[in-house]
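Descriptive analysis of the structure
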Amino acid sequence: MKIILVGASGTIGRAVGAELERRHDVVRVGRSGGDFRVDITDSDSIRRLYAEVGEFDALVSTVGKVHFGPLERFTPEQFDVGLRDKLMGQVNLVMLGLASIRAGGSFTLTSGLLNDDPIREGASAAMVNGALEGFVHGAAVELSRGLRINLVSPTVIEEALPVYAPFFPGVKAVPAREAALGYVKSVEGVQTGRVYRIGWSRDT
């Protein structure tokens, strides 16, 4: 398969790419590097990406920025960071990719655990993650041509602990290579409308 991997240079993206490239043609995409470049907050940039890459079989997104900060000091502009980037950026990767993805293809997006397991200063991330789940569930029942869409929701990643550990007290981390398995399941499997929770469960 020809797989577009957006966020290929990130911690999770590198692990996903290493796993998928064993069996597939991985097109690495990033904001500032890779085979192609894209700014997911800019619809024209996404359109250019698809025009340059051409037809593809799967799109994997491991990107998405949100602002972390105390709720009482949040501004509309800070909420907009997550809404424009992690939420609508990934939604637009799907919507603008529909014209180029081959029949039977798949989209795999990224959320996280904070909408179910909130932390201090994480209200924006919780909001965006919940919205992404809603989008994936809703889109899955309407996609045609055998297209599929899933969401990977990893816990905090071991390699990112130097930055994020203070935000996640008591949360067990997983290595990026383990998180990558959720993306592999989405791309190579048959399910749609699923949320693959990696390293955490709603039962705990």
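The sections below set out a description of the structure shown in this document. Bear in mind the structure is a predicted one, so any value in this text is a computation, not a measurement. (Residues numbered from 1 in each chain as written. Predicted model: local features only at pLDDT ≥ 70, side-chain atom pairs only at ≥ 80, totals over all residues. Heavy atoms only, no water.)

**Focus: the environment of Arg120**
- Within the secondary structure, Arg120 sits in the loop between strand 5 (101-110) and helix 4 (123-140).
- Sequence-wise, Arg120 and Gly97 are 23 residues apart; in three dimensions their C-alpha atoms are separated by 35 Å. (Helix = DSSP H or I, 4+ residues; strand = E, 2+ residues; numbered from the N terminus.)

**Let's talk about the packing of helix 2 (residues 43-53) against helix 3 (residues 76-97)**
- Two numbers describe how helix 2 lies on helix 3: the axes approach to 10 Å, and their chain directions differ by 45 degrees. As the angle between them shows, helix 2 and helix 3 are arranged oblique. Like other packed secondary-structure pairs, helix 2 and helix 3 cross with a definite hand, here right-handed. Contact residues: Ser43, Ile46, Arg47 and Tyr50 in helix 2; Gly89, Asn92, Leu93, Leu96 and Gly97 in helix 3. (Axes fitted to C-alpha atoms, helices over the stretch in contact; angles between N-to-C directions. Parallel < 35°, antiparallel > 145°, perpendicular 65-115°, else oblique. Left-handed = near helix turned anticlockwise from the far one by under 90°. Contact = heavy atoms within 4.5 Å.)

**As for the sheet that holds strand 5**
- Read from one edge to the other, the open sheet built from seven strands follows the order 3-2-1-4-5-6-7, with strand pairing classed as parallel. Two strands bound the open sheet, and with one partner strand each, they are strand 3 (36-37) and strand 7 (195-198).
- By the bridge criterion, five bridges tie strand 5 to strand 6 (residues 148-154) in an arrangement that is parallel. When the sheet's bridge partners are listed, Phe107 is paired in strand 6 with Ile149.
- Here helix 4 sits on the sheet and contacts strand 5, strand 6 and strand 7; the angle it forms with strand 6, its principal contact strand, is near 160 degrees.
- The sheet strands contacting helix 6 (residues 176-188) are strand 1 (2-6), strand 4 (56-61), strand 5, strand 6 and strand 7, and the helix crosses strand 5 at an angle near 155 degrees. (Pairing = 2+ DSSP bridges.)

**A word on the pattern of salt bridges**
- The full count for this structure, using the stated rule, is twelve salt bridges.
- In this structure, the salt-bridge partner of Glu19 is Arg22, at a minimum N-O distance of 3.4 Å.
- Relative accessible area serves as the criterion here: at 17%, Glu19 is assigned to the buried category.
- In this structure, the salt-bridge partner of Arg23 is Glu188, at a minimum N-O distance of 2.7 Å. Of the two residues, Arg23 sits in the loop between helix 1 (11-20) and strand 2 (25-30) while Glu188 sits in helix 6, which places them 165 residues apart along the sequence.
- Its relative accessible area of 34% is what places Glu188 among the partly exposed residues. (Salt bridge = Lys/Arg side-chain N within 4 Å of Asp/Glu carboxyl O. Buried < 20%, exposed > 50% of the residue type's maximum accessible area, 1.4 Å probe, protein only.)

**Here's the deal with the packing of aromatic side chains**
- Counted under the stated rule, the structure contains six aromatic pairs.
- Taken together, the aromatic side chains of Tyr50, Phe56 and Phe107 make up a single cluster linked through ring pairs. (Phe/Tyr/Trp six-rings, centres within 6.5 Å; stacked < 30°, edge-to-face > 60°.)

**Quick look at the nonpolar core**
- If you look at the biggest cluster of nonpolar residues, it comprises 39 residues, and the most contacted ones within it are Ile4, Val6, Leu59, Leu109, Phe135 and Ile149.
- Among the secondary structure elements, those contributing two or more residues to this core are strand 1, strand 2, helix 2, strand 4, helix 3, strand 5, helix 4 and strand 6.
- At eight residues, helix 4 tops the list of elements feeding residues into this core.
- In this view, Phe135 contacts Val91, Val94, Met95, Leu109 and Ile149; residues no more than four positions away in its chain are not counted. (Core = buried A, V, L, I, M, F, W, Y, C linked by side-chain atoms within 4.5 Å.)

By themselves, these are just geometric observations and shouldn't be taken as functional.
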